[in-house]
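# A look at the structure
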Amino acid sequence: MTVFFYQRERRIKTAAARQLRFQSNNASLELQALQAQMDPHFIFNSLNAIHHYILTTSTELASLYLTRFAKLMRFTITNVNKELIKLDEDIEALELYLQLENLRFQEKFAYQVEVAPEVKGLTMLVPPLIIQPYVQRAIWHHLLQRPEDKGGQLNIHIGRKDNQLYIKVEDNGVRASIPNLAADHRRQAVVIAAARLHMLGNKFQINTHITEEELLDEQYEHRGNAVMIHIGGTLQEPA
């Protein structure tokens, strides 16, 4: 009887320690995610752009830029400590980010966000800010490094297949950019996003993984890059 209670107590302590480690790792990743999303280069450049519009263009355009910037910052601060949010909320934040970057680099690239009908009918749950790091990397590492001043294209497709949510980020940019301080920060954001996704999969016992590939043309020459984020279909609510 004494051995039984000893083993039971040890199992309880082991489970409690495991749960504590999970919570500690999750909190650490949330803090790192906030630090990664609050990219100082993006914030500084956005504020500079707003200042530029005030001085040289129009207060109306500056007001629009400032409103979108404020909404994105509020979303980041409000939701970064949440484990899951609705997919449409994350897409809304992604749209704000894309609008801001496109406003600054409108001659460099265009973008399109497509949500499949089968996804629109469901309330899907995803980790907050899970798409944005990959989009940011596509813009800064690939599209803005193109030798051409125009013609960059970024496509984000969100769909559902075999009870899995998938998010595809595709661009026609270069293979990679030259590493620098800003690039290291954006690379870190992608690593953190992948770690959060992996932890989510372990907790809910669902399949989560990320695949990347180089896109080739008919002559097997580089024509772009693609990344696919896969999340198992259990993280959803009735519409």
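This write-up is about the structure you can find in this document. None of these values were measured; they are calculated from a predicted model. (Residues numbered from 1 in each chain as written. Predicted model: local features only at pLDDT ≥ 70, side-chain atom pairs only at ≥ 80, totals over all residues. Heavy atoms only, no water.)

### A look at the pairing of strand 7 (residues 222–232)
Most of strand 7 is tucked away, with nine of its eleven residues classed as buried. Sheet analysis places strand 5 (residues 164–171) next to strand 7, joined by eight bridges and oriented antiparallel. Each bridged residue has a counterpart across the sheet, and for I167 the counterpart in strand 7 is I229. For strand 6 (residues 208–216) and strand 7, the ladder comprises nine bridges, and the chain directions are antiparallel. Note on strand 7: the bridge partner recorded for L215 is G224. Here strand 6 hands over to strand 7 after five residues, with Y220 in that stretch at a positive phi of 65°. (Buried < 20%, exposed > 50% of the residue type's maximum accessible area, 1.4 Å probe, protein only. Helix = DSSP H or I, 4+ residues; strand = E, 2+ residues; numbered from the N terminus. Pairing = 2+ DSSP bridges.)

### Comments concerning the packing of helix 3 (residues 59–79) against helix 4 (residues 87–104)
In a packed pair of helices, the relevant descriptors are the angle between the two axes and the axis-to-axis distance. Contact geometry for helix 3 and helix 4: axes closest at 10 Å, N-to-C directions at 140°. Between helix 3 and helix 4 lies a crossing whose hand is left-handed. Judged by residue contacts, L61, Y65, R68, F69, K71, L72 and F75 of helix 3 engage E89, D90, A93, L96, Y97, Q99, L100, L103 and R104 from helix 4. (Axes fitted to C-alpha atoms, helices over the stretch in contact; angles between N-to-C directions. Left-handed = near helix turned anticlockwise from the far one by under 90°. Contact = heavy atoms within 4.5 Å.)

### Concerning the environment of N45
Note that N45 resides in helix 2 (residues 40–56). Placed 59 residues apart in sequence, N45 and R104 show a C-alpha to C-alpha distance of 9.0 Å. With residues up to four places along the chain from it excluded, the contact list for N45 reads R104 and W140.

### What about the packing of aromatic side chains?
Evaluation of the coordinates by the stated rule reveals one aromatic pair. Both rings, one in F105 and one in W140, keep their centres 5.6 Å apart while their planes meet at 90°; by these two values the pair is edge-to-face. Linking F105 in the loop between helix 4 and strand 2 (109–115) with W140 in helix 6 (residues 132–143), this pair joins segments that are 35 residues apart in sequence. Judged by its relative accessible area of 18%, F105 falls in the buried class. Note on W140: relative accessible area 17%, which makes it buried. (Phe/Tyr/Trp six-rings, centres within 6.5 Å; stacked < 30°, edge-to-face > 60°.)

### Observations concerning the environment of N225
Note that N225 resides in strand 7. With a relative accessible area of 10%, N225 lands in the buried category. On a C-alpha basis, the gap between N225 and L143 in space is 9.9 Å, while along the polypeptide they are 82 residues apart. When neighbours within four sequence positions are excluded, N225 is seen to be in contact with H142, V169, E170, D171, G173, V174, R175, E213 and L215. Within polar-contact distance, the side chain of N225 engages the backbone oxygen of G173 at 3.4 Å. (Polar contact = N/O pair within 3.5 Å; in protein donor to acceptor, adjacent residues only side chain to side chain.)

### Observations concerning the packing of helix 4 against helix 6
Between helix 4 and helix 6, the shortest axis-to-axis distance is 10 Å and the interhelical angle comes to 15°. Between helix 4 and helix 6, the angle falls in the class roughly parallel. Taken as a pair, helix 4 and helix 6 cross one another with a handedness that is right-handed. Mapping the contact onto sequence places L94, Y97, L98, E101 and R104 in helix 4 and Q132, V135, Q136, I139 and W140 in helix 6. (Parallel < 35°, antiparallel > 145°, perpendicular 65-115°, else oblique.)

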